[in-house]
Structures are given as structure tokens and as C-alpha cells.
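Coordinate analysis (summary)
Next come the chains, spelled out residue by residue.
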Amino acid sequence: MNNRIHFHKKTVSFQHALLLLLSLWLILTGNAQNPLIRTQFTADPSARVFGNRVYIFPSHDILATEGKGRKGWFCMEDYHVYSSENLTEWTDHGMIITQNNVPWVRPDSYSMWAPDCIERNGKYYFYFPSAPADTLAYGKGFTIGVAVADKPEGPYTAEITPINGVRGIDPNVFIDKDGQAYLYWSAGNIYGARLKENMKELDSEVKILGDLPNKGLKEGPFLFEREGVYYLTYPHVANKTEQLEYAMADSPLGPFKVTGVIMDESPTGCWTNHQSIIQFNNQWYLFYHHNDYSPSFDKARSIRADSLFFNEDKTIRKVIPTLRGIGITKATEKIQLDRYSAISPQGTAIEYLDTNNRFAGWKTVLSNPGAWIQYNSVEFKNNKTATLHMNGEENGFIEIRTGKPDGPLIAKMLVVKGSSMNTINAALRKRISGQHNLFVVSKCNKPVYIDWLSFQ
Ligand code: FUB
């Protein structure tokens, strides 16, 4: 993984300087494949387009330890913000809010659950749920607060008190074309109300969006508008775990008509899912989460993204989760083939590189001759050599092809039996440019293990 480190310069107040120090301001980049962020757990992604960048405001799962959170449950003490201009390289702008710098939050609650953010008149309003310190004043359970900044990446200053009249989690905020803002949240049901111009107070009665299914938990509202249709999307436990559903309406507070499923339940049993939907450079995207780095504990999640499409009748096509994700990969990057577009029906598997450190990532295992892995949308620029980081259980060859498993051969790479990973190189048959879908095909009788592929 190629993490670039920069130092961030800011003129800040003492409080913000402390915040910066706490987060130590390492700016790291992730890649386009799923999961998007490779350095820590992330969940509940609220994606927003501000200017020519996509910002993601996720929650941040950590693992509870003795005296820190509740073992076996969600443990979340702060928020980071990430951004990208190409959906391929993601910058971590560091920590923006922690449970220790919000006056109304109980600092040992580890309950900084799903947030959202929106821009209004040059200010950025960050909404987040948590457990209040003063339960007499604000009640037990969750309430929702707001923090304000001049830039999407902060520094954010939290309001002293939570938003009056709101009890629940998963805030989502929407500003309609007429300038009216709305706040949505959940507490078993989904609730909505108008927000005042100041974005910090409710401006109407709270409405239960009661035309949604009444059986099974609903949470995580995310509302967006497209061509005059208001889409209310939400995770719903229709069966065993959360699937992403949506309802359509002619106005931001409904009535909503339950319309369909955007994403099925996790095939591996991750109980939660949580979505946001944006349009960026003429393409719609669904952001969601899965427990990629924590297969046996589903409260340590990682955010993902896939393309989303509409039908002619304005309904949403179901999104099938992929590992390949979104964005174009430069041929000169370490291409993580294990985040594949497709694999051969037999002989291909994905394994962790190191089960004691899952953030090290995955490797592709091609077990027999003819096993292949497909990786789409690689951008070449006059490249002439290929490098594979891999090892094999026997001498043999790996073929790199384009378009299909038996498409044009661009490189044939000699595999020498070895127990630890090394780089092997080969000249390309001819220089290659433009965008291609790659196929890596084994010609070895025994398993080969591939970490990454790159072109020079
Ligand atoms: O991340 C904690 C909670 O899990 C969120 O608030 C819910 O939406 C679910 O994803």
C-alpha cells in the first residue's frame, strides 16, 4: 500500500491546536478498491460532493479494551474525514471531533455513531449522535448534536448543547432546491423535521415517516433528490440482517411509497449496513459498509463504494457489492488483484496476507492451470514492463492478458518455485496505453500466491 505522508499547516485556536496534536495529522491515502480505507476501521459513510471533491464522513470503529468501551459492542470515540478528487486516492484529513471535545457528550460513552455533514452559505455543519453526559437535561440514550466549520475538513467547533427536540441516532440532513433544510434521524422508526436557517434548531413538529414497513428495525436514513423525486433510503431488517431499501416521494417529508431494495443482506452476516448516495462527474455512487477486515466481529467495519444506476421509470437498480469498487487504477500502482472484478469458476481464491494483521491486505491464490482473476479499468501510459509480487509452489508461468481470459497476451512471466514472496519482472510484448481490463492467468500446476501486479 502506498501511503503518502504530508504535514498540515493551520492557524488555530488553542482548542483546535490540541485537537490537531491529538490526531497528529498524518494524511494517508487509500485506494479505489473495496474497502476504500485501508488504515483503520470505518463505517456508516456519509459521502458529500463539496466543490470538485468527494468528502466522506464515516464513523470510526475501534476495538473495545479493558476500561474503554463495551466488549462485543460498537466502540467509537471520534470521527475522521476523508476526501478524493478522483475516487481513487483518498486523503485522511485526520480526526475532526472526539467524544472528549464535545461539551454535552459523556466522554467515556464511546458512542460516536453514524454522522452526516452539509454545506450552507460557506459553513459546514457536521451532525453526529452520541450519549449525553447530563441525562437529566437530555435524557438517556442517544441525542444529536452539530459542529460547525469553515472548511469540510475542519477545524469543527461543537455546539454546547445537542439539538433540542431530537432523540435518536443516524442524523441525515438535506437542503431542498427552495433552500429549506430538513433533518432526518432514526430511533426504531425514521423521523424528520424542518431545520431553521441556522441549521442548529428544529423548525417544525417532528414527523414519523410512518408509511415505511412497520415490522423490523429501520435506521440510517439518507435522503436525496433526483429529477423531482425524493428518495428516502434506509437499512431495514426485513429478514435477519439489514438490507438497504428505499421509498420514493414527491416532497421531502413524504408520504413515501416503499419501492425496493438497493442492496441485499450481507452474504457473510454483517448485521449492519449504512448507505449514502451521491452523483459525481455524471455517475451515481452508493457508499456502504461491510466487515472486510474483521470477518468474525461485525462491529469493526470498513466503508465501500460501488456505482449505482437508475431505471427509466426512476426506480433504483439493485447494487451487487463488488471488491473492485470504483475509480480507475493507474498501471504504475500496486494493483491489488484480490480486489477483483471477476474470477474463474474454479481454482481462484482470496486469502489474507497475514491473519494477525488483516490491514496488511489480501493475496490471490491461483491453484491450477487456467485459473484466472479479472481486474477492470487499468489506465496504461506507454508502459513496457510488468512486475508481480508473488511466490509459487512450483516453476511455471503467469500470463497477463487483456479483454478476456484468452484475450491478447501482453506478458508471460516466469515463476520460480519459492516459499516467500519476491518480485518477478517481464518485458511487455509491446508497449501499451489506454484503459484495459486485465486477466492474470495461471499456467502453473501448483498454487501461486499473488500480492500485487504493477507496470512500469
Ligand atoms: O455505527 C453504529 C450504528 O450501526 C449506526 O449508527 C447504525 O446505522 C449502524 O450502522
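Residues numbered from 1 in each chain as written. Predicted model: local features only at pLDDT ≥ 70, side-chain atom pairs only at ≥ 80, totals over all residues. Heavy atoms only, no water.

Looking at the domain arrangement of the protein
Test applied: Domain start and stop positions are those given by an automatic or database domain assignment. We call two residues in contact when some of their heavy atoms are within 4.5 Å. Note on definitions: buried area is the accessible-area loss of two parts on being combined, 1.4 Å probe, summed for both. Salt bridges are identified by distance alone: a Lys or Arg side-chain nitrogen within 4 Å of an Asp or Glu carboxyl oxygen. Definition of a polar contact: a pair of N or O atoms within 3.5 Å, with one able to donate and the other able to accept a hydrogen when the atoms are protein atoms, and with sequence-neighbouring residues admitted only if both atoms are side-chain atoms. Ten residues, namely Ala, Val, Leu, Ile, Met, Phe, Trp, Tyr, Cys and Pro, are considered nonpolar, four, namely Asp, Glu, Lys and Arg, are considered charged, and the remaining ones, Gly among them, are considered polar.
Taken domain by domain, the protein comprises domain 1 (32-308) and domain 2 (329-455). Relative to domain 2, the C-alpha centre of domain 1 lies at a distance of 37 Å. Across the contact, 13 residues belong to domain 1 and ten residues belong to domain 2. In total, about 990 Å² of surface goes out of reach between domain 1 and domain 2, with carbon and sulfur atoms giving 56% of it. When the area that domain 1 buries against domain 2 is broken down by residue, the three leading residues are Gln 33, Arg 38 and Tyr 293, summing to 51%. Counting across the domain 1 and domain 2 interface gives one salt bridge. A salt bridge links Lys 330 to Glu 89; the shortest N-O distance between them is 3.8 Å. Scanning the region where domain 1 abuts domain 2 turns up three residue pairs in polar contact (both at pLDDT 80 or more). Tallied by class, residues from the side of domain 1 that touches domain 2 come to four nonpolar, six polar and three charged.

Here we look at the packing of aromatic side chains
The geometry of an aromatic ring pair comes down to the distance between the two centres and the angle between the two planes. Going by this rule: Aromatic pairs are defined between Phe, Tyr and Trp rings, using the six-membered ring for Trp, whenever the two ring centres lie within 6.5 Å; interplanar angles under 30 degrees are classed as stacked, those over 60 as edge-to-face, and all others as tilted. Counting as a charge over the ring demands two things of the Lys NZ or Arg CZ atom: a distance within 6 Å of the ring centre and an angle within 35 degrees of the ring normal.
Within this structure, the stated rule accounts for 29 aromatic pairs. Look at Phe 224 and Tyr 231: their rings are 4.8 Å apart centre to centre, the planes differ by 10 degrees, and that puts the pair in the stacked class. Ring-pair connections join several aromatic residues into one group, and the members of that group are Phe 50, Tyr 55, Phe 57, Tyr 79, Trp 104, Tyr 124, Phe 126, Phe 128 and Tyr 156. Looking at Arg 226, its charged tip hangs above the ring of Phe 310, at a distance of 3.8 Å from the centre. For the cation-ring pair, Arg 339 lies above Trp 362, with the distance from its terminal atom to the ring centre recorded as 3.7 Å.

A short note on the sheet that holds strand β13 (residues 207-208)
Condition: Two strands qualify as a pair provided DSSP detects at least 2 bridges between them. Numbering of helices and strands runs from the N terminus, with a helix taken as a DSSP run of H or I at least four residues long and a strand as a DSSP run of E at least two residues long.
Reading across from one edge, β10-β11-β12-β13 is the order of the four strands in this open sheet, with antiparallel pairing throughout. With one partner strand each, in any of the chains shown, β10 (169-175) and β13 form the two edges of the open sheet. One ladder, built from two bridges, connects strand β12 (residues 189-195) with β13; its direction is antiparallel. Paired with Tyr 191 across the strands is Ile 208, a residue of β13.

Section: the side chain of Lys 299
Formally: The classification of residues rests on relative accessible area computed with a 1.4 Å probe and restricted to protein chains. Under 20% of the type maximum is buried, over 50% is exposed, and intermediate values are partly exposed.
Along the chain, Lys 299 falls in the loop between β19 (283-290) and β20 (302-308). Residue Lys 299 is classed as buried on the basis of its relative accessible area, which comes to 14%. Within the local environment of Lys 299, its side chain forms a polar contact with the side chain of Asp 298, the two groups lying 2.8 Å apart. Other than its neighbours up to four places away in sequence, Lys 299 contacts Asp 61, Gly 72, Trp 73 and Phe 74.

A short note on the sheet that holds strand β17 (residues 257-263)
The line we're drawing: The angle between two axes is taken between their N-to-C directions and runs from 0 to 180 degrees, where each axis is a line fitted to C-alpha atoms and a helix contributes only its stretch in contact.
Ordered by their spatial adjacency, four strands build an open sheet running β14-β15-β16-β17, and the pairing between neighbours is antiparallel. Each having just a single partner strand, β14 (222-226) and β17 make up the two edges of the open sheet. Neighbour to neighbour, the strand axes of the sheet diverge by 30 degrees on average, direction disregarded.

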